[in-house]
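Residue-level listing of the chains:
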Amino acid sequence: MGFLVGLGAALAGNVVIGAGQCLQKYALTGLEREWEAQRAQHLEGGSGYSESIAYAAYPNLRSRGNSVGSRDDSSKDVAQRGSRPRYTSWQWVMGLAMNYAGEMFGNSVALSYLSAAAVAPLGIVSVAVNLVLAERFLGERITPNQRFGLTVIAAGVLCILAVAPRRAAASDASQFVEVVARSGILRLLGVTAAAQAVVIGVLRSGRQTLFLYVLASSLFGAMNVMAAKLLTTYVRLRMAFPTLLNPADVAVYGAVGAAQARPLVASVTVPQAVAAIVAVGSVVGQEAFRQQALGRFSPTQFQPVFFATYNVVATLASLVLFRELDGWTHALIFFSAFLVGIALIVYGARFLQKAPAVVLPSHIKLRKENLGLKTQ
């Protein structure tokens, strides 16, 4: 029953995330259209034809150099200023809130019932939902290649779910304390932090490769998964067992010492404060390196590699931390099916990427003959 609850929470959360991403895309499209309309209004006149015709024929045109026709100072200001900030759009803000709500009330809740091996791959569901909603409400078309990609992705997800561990990390207070006490989470976090420091050091030294950015983002993601799984499991069990010890105190002081831990501020102990910093820092770090990578590499290059690496690292961290596999036979079957499933998801994800739009160089001026218009 717990497996189905966690699966439902993960699916619902990713549906909300996909809808939020589609809403953000809708907001950004609206801001772009608003900017183009203002820019076309300032650029009209002086060339013998209305530039709105050019934007209607070439909606992706972004002129940064020579202008079409005459341009006055006000039009230059409009071009340089660009569209207004995205956070001024209530649709974009609502989409962002939906993303965080899906993560908090969907994926995080699912982690308290399921292994990260089952929750992390389901993140691809948000991509599929985004595509479907964009076709329905934004007028985008799902190509045959993208439909094929969605089918391959679905096969990969089902392959992973078929062998994912079914049992929760803990079902009662004593079991949870025992799991945390023997998990070795401090050693695992220490190894992850040390590896992260090495990767960041190499990146700062100037060796900025795709794999290093992917690895940095994935390591932060693994830390986030470990913290979220412990926290959500603790919150779920605390409702039934009010005297349950905090996992941060148990990890540092042990089961006996945790009951005697002295608070640092109010009722918050030092381990609890450090755990909160790690949880927040891992989210910020992952997003920071993801954005840096997307600023240097195309989404087509980054997303498939990141998805595969993040799933492998997060899954390994969860399996090691909570010892979710039952013996070597289960481990062999699981990793064989897991790697096949990840390979299918990454392969299918490549078909979801659309071909980049063709943007004319800024020095090319549009003429009536270029637009295919007949002159009288």
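This text follows the structure it describes.
Report follows, based on the coordinates. The model shown is predicted, which means the values in this text are computed figures rather than measured ones.

Conventions adopted
Residues numbered from 1 in each chain as written. Predicted model: local features only at pLDDT ≥ 70, side-chain atom pairs only at ≥ 80, totals over all residues. Heavy atoms only, no water. Helix = DSSP H or I, 4+ residues; strand = E, 2+ residues; numbered from the N terminus. Buried < 20%, exposed > 50% of the residue type's maximum accessible area, 1.4 Å probe, protein only. Contact = heavy atoms within 4.5 Å. Areas by Shrake-Rupley, 256 points an atom, 1.4 Å probe, with all protein chains shown as cover. Salt bridge = Lys/Arg side-chain N within 4 Å of Asp/Glu carboxyl O. Phe/Tyr/Trp six-rings, centres within 6.5 Å; stacked < 30°, edge-to-face > 60°. Patch = residues over 30% accessible without salt bridge, like charges linked within 9 Å, V, L, I, M, F, W, Y side chains within 5 Å. Axes fitted to C-alpha atoms, helices over the stretch in contact; angles between N-to-C directions. Parallel < 35°, antiparallel > 145°, perpendicular 65-115°, else oblique. Left-handed = near helix turned anticlockwise from the far one by under 90°. Nonpolar A, V, L, I, M, F, W, Y, C, P; charged D, E, K, R; others polar. Expected span 1.5 Å × (residues − 1). Arc of directions from axis to C-beta. Polar contact = N/O pair within 3.5 Å; in protein donor to acceptor, adjacent residues only side chain to side chain. Core = buried A, V, L, I, M, F, W, Y, C linked by side-chain atoms within 4.5 Å.

**Considering the overall build of the protein chain**
1) Next: Across its full length, the protein chain holds 14 helices and zero strands.
2) Next: For the protein chain, the sequential pattern of α-helices and β-strands runs α-α-α-α-α-α-α-α-α-α-α-α-α-α.
3) Next: In the protein chain, buried positions account for 41% of the 376 residues.
4) Next: A separation of at least 24 residues holds for 79% of the contacts in the protein chain among residues at least 6 apart in sequence.
5) Next: In the structure as shown, the protein chain presents an accessible area of about 19900 Å², 63% of it carried by carbon and sulfur atoms.

**Looking at the pattern of salt bridges**
1) Next: Evaluation of the coordinates by the stated rule reveals three salt bridges.
2) Next: Between Lys25 and Glu140 there is a salt bridge, with its nearest N and O atoms 3.7 Å apart. A residue pair is termed long-range when its members are at least 10 positions apart, and Lys25 in helix α1 (residues 2-43) and Glu140 in the loop between α6 (124-137) and α7 (144-163) qualify at 115 residues.
3) Next: What makes Lys25 partly exposed here is its relative accessible area of 27%.
4) Next: Glu140 gets classed as partly exposed once you look at its relative accessible area, which sits at 24%.
5) Next: In this structure, Arg290 and Glu287 form a salt bridge, with 3.1 Å as the shortest nitrogen-oxygen distance. Highlighted residues: Arg290 and Glu287, both in helix α12 (residues 270-296), separated by three residues, approximately one helical turn.

**Side note on the packing of aromatic side chains**
1) Next: Applying the stated rule across the entire model yields eight aromatic pairs.
2) Next: Measuring from centroid to centroid gives 5.1 Å for Phe148 and Phe351, while their planes differ by 80 degrees, and the two rings are edge-to-face. With Phe148 in helix α7 and Phe351 in helix α14 (residues 327-352), this pair connects stretches of sequence that are 203 residues apart.
3) Next: A relative accessible area of 22% means that Phe351 is categorised as partly exposed.
4) Next: An angle of 25 degrees between the planes, with centres 5.4 Å apart, marks the rings of Phe334 and Phe338 as stacked. Residue Phe334 and its partner Phe338 are located together in helix α14, separated by four residues, close to a single helical turn. An identical accessibility class is assigned to Phe334 and Phe338; each is buried.

**A few points about a nonpolar patch on the surface**
1) Next: On the surface, Leu186, Val252, Tyr253, Leu264, Val265, Val270 and Val274 cluster together to form a nonpolar patch covering roughly 630 Å² of accessible area.
2) Next: At the level of secondary structure, the elements contributing two or more residues to the nonpolar patch comprise α11 (247-258) and α12.

**Things to note about the packing of α7 against α14**
1) Next: Running from amino to carboxyl end, α7 crosses α14 at an angle of 165 degrees, the nearest separation of the two axes being 7 Å. On the basis of the axis angle, α7 is roughly antiparallel to α14. Handedness of the crossing formed by α7 with α14: left-handed.
2) Next: When the residues that make up the contact of α7 with α14 are grouped by side-chain class, the tally is 21 nonpolar, seven polar and no charged.

**Remarks on α11**
1) Next: Taking 1.5 Å per residue as the helical rise, α11 with its twelve residues ought to reach 16 Å, whereas the 9 Å between its terminal C-alpha atoms falls clearly short.
2) Next: Among the residues making up α11, those that are buried are Pro247, Ala248, Asp249, Val250 and Ala258. The buried residues of α11 occupy one face: seen down the axis, they fall within an arc of 90 degrees.
3) Next: Buried positions along α11 lie against α8 (173-183), α10 (210-240) and α12.
4) Next: Of the residues that open α11, the one with a side-chain oxygen 2.9 Å from the backbone nitrogen of Ala248 is Asn246.

**Let's talk about the nonpolar core**
1) Next: Membership of the largest hydrophobic core comes to 74 residues, with the highest contact counts inside it found for Leu122, Val157, Phe176, Leu203, Leu244 and Phe334.
2) Next: Among the elements that take part in this core, α10 stands out by supplying 15 residues, more than any other.
3) Next: Beyond its immediate stretch of four places on either side in the chain, Leu203 contacts Gln208, Thr209, Leu212, Tyr213, Ala216 and Phe289.

**Comments concerning the side chain of Ser108**
1) Next: Turning to its location among the elements, Ser108 is positioned in helix α4 (residues 90-111).
2) Next: For Ser108, a relative accessible area of 18% puts it in the buried group.
3) Next: Beyond its immediate chain neighbours, meaning those up to four positions away, Ser108 contacts Glu103 and Thr232.

**Details of α6**
1) Next: Over its 14 residues, α6 extends 20 Å from the first C-alpha to the last, a length consistent with the 20 Å expected when each residue adds 1.5 Å.
2) Next: What α6 keeps buried is the set Ile124, Val125, Ser126, Val129, Asn130, Leu131 and Ala134.
3) Next: Two residues or fewer after α6 comes Gly139, characterised by a positive phi angle close to 80 degrees.

**Quick word on the packing of α6 against α7**
1) Next: The interhelical angle for the contact between α6 and α7, taken along N-to-C directions, is 150 degrees, at an axis separation of 11 Å. Comparing the axis directions of α6 and α7 gives the class roughly antiparallel. Along this stretch, α6 crosses α7, giving a crossing that reads as left-handed. Here Ile124, Ala128, Leu131 and Glu135 of α6 lie close against α7, whose contacting residues are Gln146, Arg147, Leu150, Ile153 and Val157.
2) Next: In the contact of α6 with α7, the residues fall into six nonpolar, one polar and two charged.

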